[in-house]
Amino acid sequence: MCSFDGQWVAITGAAGGIGRPVAHLMRRHGAKTICIDRVESDHCDRSIVVDLGDDSALRELCAELAADPPDILVNIAGVMRFGLLETQPLDALALCYRINLAVPAALAGAVAGPMRARGSGHIVNIGSVLGSIPYPWFAAYSSSKA
């Protein structure tokens, strides 16, 4: 793995099962991490506590990242819904699609222009094998990760 010395890496879902090790790995290779999650992330250089399911909070986060874009954006945050599709409440389905699909698109859109203007930057969207291989009981999750 190459060195990320001094580069700022923003990671959504940084307190979770994939986000935490990614944050540790990036720091081990010299990056400064901005951890974005619903809870404080004390393993990062900077923690942004935000509910990505809230429109105004997402708009504020997009504005903040656009004003001072990271060198790398890693979209990891995800919501998994389990069960028969017909038993899923509409608000639960909407949240699954929002967090897994709309939020990464909104955050990427917020930083892409500033990254392009400065001539550098990377956006990494973490998917799931369930997005490639539909699995019973995970219709919303699989389709939102595809």
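No experiment lies behind these values; they were computed from the predicted model shown.

Participant: How do you make sense of a nonpolar patch on the surface when you look at a structure like this?
Facilitator: On the surface, Ile18, Val124 and Ile126 cluster together into a nonpolar patch covering about 220 Å² of accessible area. Looking at Ile126, the relative accessible area reads 33%, which means it is partly exposed.

Participant: Sorry if this is basic, but what is going on with the state of the cysteines here?
Facilitator: Throughout this description, disulfide means a covalent bond between two cysteine sulfur atoms. Within this structure, the stated rule accounts for one disulfide. For Cys35, the disulfide goes to Cys44, at an S-S distance of 1.6 Å. Handedness of the Cys35-Cys44 disulfide follows from its S-S torsion of about -70°: it is left-handed. Just so you know, Cys62 is unpaired, no disulfide at all, and the nearest cysteine sulfur is the one on Cys35, 18 Å from it. Cysteine Cys96 shares no disulfide, and the gap to the nearest cysteine sulfur, in Cys62, comes to 19 Å. Under the relative-accessibility criterion, Cys96 is labelled buried at 0%.

Participant: Please explain the sheet that holds strand 2 (residues 32–37) as it appears in this structure.
Facilitator: Two strands in a sheet stick together by hydrogen bonds in their backbones, pointing the same way (parallel) or opposite ways (antiparallel). Strand order in the open sheet formed by five strands is 3-2-1-4-5, and the pairing between neighbours is parallel. The open sheet has two edge strands with one neighbour each: strand 3 (46–49) and strand 5 (122–125). Within this sheet the neighbouring strands show an average axis-to-axis angle of 15°, counted without direction. Here strand 1 (residues 8–12) pairs with strand 2 via five bridges, running parallel. Across the sheet, residue Ala10 finds its bridge partner in strand 2, namely Ile34.

About the cut-offs
- Residues numbered from 1 in each chain as written.
- Predicted model: local features only at pLDDT ≥ 70, side-chain atom pairs only at ≥ 80, totals over all residues.
- Heavy atoms only, no water.
- Patch = residues over 30% accessible without salt bridge, like charges linked within 9 Å, V, L, I, M, F, W, Y side chains within 5 Å.
- Areas by Shrake-Rupley, 256 points an atom, 1.4 Å probe, with all protein chains shown as cover.
- Salt bridge = Lys/Arg side-chain N within 4 Å of Asp/Glu carboxyl O.
- Buried < 20%, exposed > 50% of the residue type's maximum accessible area, 1.4 Å probe, protein only.
- Disulfide = S-S within 2.5 Å.
- Pairing = 2+ DSSP bridges.
- Helix = DSSP H or I, 4+ residues; strand = E, 2+ residues; numbered from the N terminus.
- Axes fitted to C-alpha atoms, helices over the stretch in contact; angles between N-to-C directions.

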